[in-house]
Amino acid sequence: MAETHTAMHAGPRPRLRWIVLGGACVFGVILVAGTMTRIHERHRLHATNVAARVPSVNIVHPGGQAVDTLVLPGILQAWYSAPVYARTSGYLRQWYVDIGQKVEAGQLLAEIDTPDVDLQLAGARAALGTRTAQRDLAQITSRRWDRLNAQNAVSQQETDERRGNLAASEATRHEAAAEVERLETLSAFKRIIAPFAGVVTSRATDIGALIVAGTAASQPLFTVSDVTRLRLYVRVPQAYAARMHEGFVAHFTVPDYRNRQFDARLLHSSDAVDSQSGTMLVQFVYDNGENLLKPGAYAQIAFTFHGPGPQAPPTVRIPASSLLFRRDGTTVAVVDGHDHVRIQPVAILIDFGTELEVTGLTQQDRIITNPPDDIDNGDPVKPREGRHGA
């Protein structure tokens, strides 16, 4: 009986032990699995938090140097333009040409009636006749006294006096002759003539008008312009001054020929930058053989440039929104191959508004558009590719 009772008690104990051990193992597995799950979730949450702290940025590649076109206003001027003034006073007798008429060099434009000058000239000629007669008499007298002096008939003093009278008479005659020449020249100004071949572009007088010469209020009677060639003046910004060279060709348009383009060749430049406007005055020449364009007209000149100019560093175009203004100067934020930030200094050459032409970058660089103000060297970023072309 005792053995049976011992066997009965020995049988259930191993089974219970295994049940307890199995439960402990299951609990341990569940505990380990839960712990691993929590650790994984914690690491994932940490990675998510770390990733959330890395900002996402939009990046673009700088655009290459494209064809640069600059449009500026200009003024057309005649090759020669001469205001014709009166050199003598009087009343306009007649004019022979009007605005728009072509004239030749030396052609008569108008005549002025100058009765006072005519009378002065007549008086001067009469005075010249008197001085000539006095000179002739003094000359005869001087010769006679020279012969008498040779015969010791008169004194040397009297002979010298006659010679002095002759010299004085000769001088007064020269003075009278000069006055006649002056008045004849003044009288010749009654005829207003064209200084060169061209077109009459203004007439500011009429028959019977009072002509007053030599006053500050005088205005030109006519303006004659040579329009076979035209000068085109334009002020070029300093950034483009180095690109202006002899023979450079620019295209321009005028309002009266909107659908037509004209070509002008650079003739001269002032080689000086105006300190007030920061521009350089440039002169182009246009062959106006067809007589289409008019002096004084407004024109729009289009300059086309290829490349950055002589001895200039390579340039690229970037969005204006990519600039950073720091204490060290103008910079941009560039993303390197490891997605970290590098602050790169740049130099602005030309401001096109939304775009800038700068030096210090290459087309392979990745620049950040609209970078945050607190971005700094070495900051990690998550770049998103954008597009930029120039």
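Summarised in this report is the structure supplied together with it. (Residues numbered from 1 in each chain as written. Predicted model: local features only at pLDDT ≥ 70, side-chain atom pairs only at ≥ 80, totals over all residues. Heavy atoms only, no water.)

As for its position among the elements, Q364 is in the loop between β19 (355-359) and β20 (367-369). Judged by its relative accessible area of 64%, Q364 falls in the exposed class. For the pair Q364 and V60, spaced 304 residues apart in sequence, the C-alpha to C-alpha distance is 9.7 Å. (Helix = DSSP H or I, 4+ residues; strand = E, 2+ residues; numbered from the N terminus. Buried < 20%, exposed > 50% of the residue type's maximum accessible area, 1.4 Å probe, protein only.)

Turning our attention to the packing of aromatic side chains. As enumerated under the stated definition, the model contains eight aromatic pairs in all. Taking the centre distance of 6.3 Å and the plane angle of 70 degrees together, the rings of W79 and Y80 count as edge-to-face. On the accessibility criterion, W79 (11% relative accessible area) is buried. Considering the side-chain rings of F252 and F262, the 5.5 Å spacing of their centres and the 25 degrees angle between planes classify their relative orientation as stacked. Here the residue F252 occupies a position in strand β10 (residues 249-254), and F262 occupies one in strand β11 (residues 257-273), the gap between them amounting to ten residues. Note on accessibility: F252 and F262 belong to one class, buried. Through a chain of ring-to-ring contacts, the aromatic side chains of F252, Y257, F262 and Y286 assemble into a single cluster. (Phe/Tyr/Trp six-rings, centres within 6.5 Å; stacked < 30°, edge-to-face > 60°.)

Turning to the pairing of strand β12 (residues 279-287), a few remarks are in order. For β12, the buried fraction is high: seven of the nine residues fall into the buried class. Pairing of strand β9 (residues 222-237) with β12, which is carried by nine bridges, proceeds in the antiparallel orientation. Residue V236 lies in a different strand from β12, and its bridge partner there is M280. In this structure, β11 lies alongside β12, joined through five bridges in antiparallel fashion. Pairing of H268 across the sheet is with Q283, part of β12. Once β11 ends, the chain turns through five residues before running back antiparallel as β12, passing G278 with a positive phi of about 70 degrees. (Pairing = 2+ DSSP bridges.)

The next thing to look at is the environment of A127. Tracing the backbone shows A127 in helix α3 (residues 115-150). Overall, A127 belongs to the partly exposed group, its relative accessible area being 30%. When the C-alpha positions of A127 and E179 are compared, they lie 9.4 Å apart, and in sequence the two are 52 residues distant.

Moving on: the side chain of R231. Topologically, R231 is positioned in strand β9. The side chain of R231 sits in the buried core without any salt bridge; D226 is the nearest counter-charge, 8.1 Å away. Looking at R231, its side chain comes within polar contact range of the main-chain oxygen of W79, at 3.0 Å. Separated by 2.6 Å, the side chains of R231 and Q283 make a polar contact. (Lys, Arg positive; Asp, Glu negative; His and termini not counted. Salt bridge = Lys/Arg side-chain N within 4 Å of Asp/Glu carboxyl O. Polar contact = N/O pair within 3.5 Å; in protein donor to acceptor, adjacent residues only side chain to side chain.)

It is worth spelling out the sheet that holds strand β14 (residues 316-319) at this point. Strand pairing in a sheet takes place through backbone hydrogen bonds and is either antiparallel or parallel in direction. One open sheet holds the three strands; their spatial order is β14-β19-β18, and the pairing between them is antiparallel. In this open sheet, the two strands that pair with only one neighbour each are β14 and β18 (347-351). Each strand of the sheet is rotated relative to its neighbour by a mean of 40 degrees, with strand direction disregarded. (Axes fitted to C-alpha atoms, helices over the stretch in contact; angles between N-to-C directions.)

Turning our eyes to something else, we now look at the sheet that holds strand β6 (residues 191-193). Across the sheet, four strands lie side by side as β6-β5-β3-β8; this open sheet has antiparallel pairing. Two strands lie at the open edges of the sheet, namely β6 and β8 (210-211), each paired on one side alone.

Here the focus is unusual backbone geometry. A negative phi angle characterises most non-glycine residues, just as the trans form characterises most peptide bonds. Positive phi, close to 60 degrees, is recorded for N152, a residue that is not glycine. Looking at the secondary structure, you find N152 in the loop between α3 and α4 (156-188). Residue classification places N152 among the exposed positions, given a relative accessible area of 70%. Non-glycine residue N370 carries a positive phi angle of around 50 degrees. For N370, the location among the structural elements is in the loop between β20 and β21 (382-385).

Moving on: the pairing of β14. Of the two faces of β14, the one lined by V316 and I318 and the one lined by R317 and P319 are each fully buried. Pairing of β14 with β19 involves four bridges; the strand directions are antiparallel. Note on β19: the bridge partner recorded for P319 is E355.

Between α3 and α4, the shortest axis-to-axis distance is 8 Å and the interhelical angle comes to 160 degrees. Accordingly, the angle class assigned to the pair α3 and α4 is roughly antiparallel. α4 is crossed by α3, and the crossing has left-handed handedness. Its residues assigned to classes, the contact of α3 with α4 comprises 13 nonpolar, 13 polar and twelve charged. (Parallel < 35°, antiparallel > 145°, perpendicular 65-115°, else oblique. Left-handed = near helix turned anticlockwise from the far one by under 90°. Nonpolar A, V, L, I, M, F, W, Y, C, P; charged D, E, K, R; others polar.)

Turning our eyes to something else, we now look at the pattern of salt bridges. Scanning the entire structure with this criterion turns up 13 salt bridges. R163 serves as the salt-bridge partner of D146, at 3.0 Å between the closest nitrogen and oxygen. With a gap of 17 residues between them, D146 in helix α3 and R163 in helix α4 connect regions that are remote in the sequence. A salt bridge links D339 to R366, with the nearest nitrogen and oxygen atoms 3.2 Å apart. Taken together, the residues span a long stretch of sequence, with D339 in the loop between β16 (329-335) and β17 (341-345) and R366 in the loop between β19 and β20 at a distance of 27 residues.

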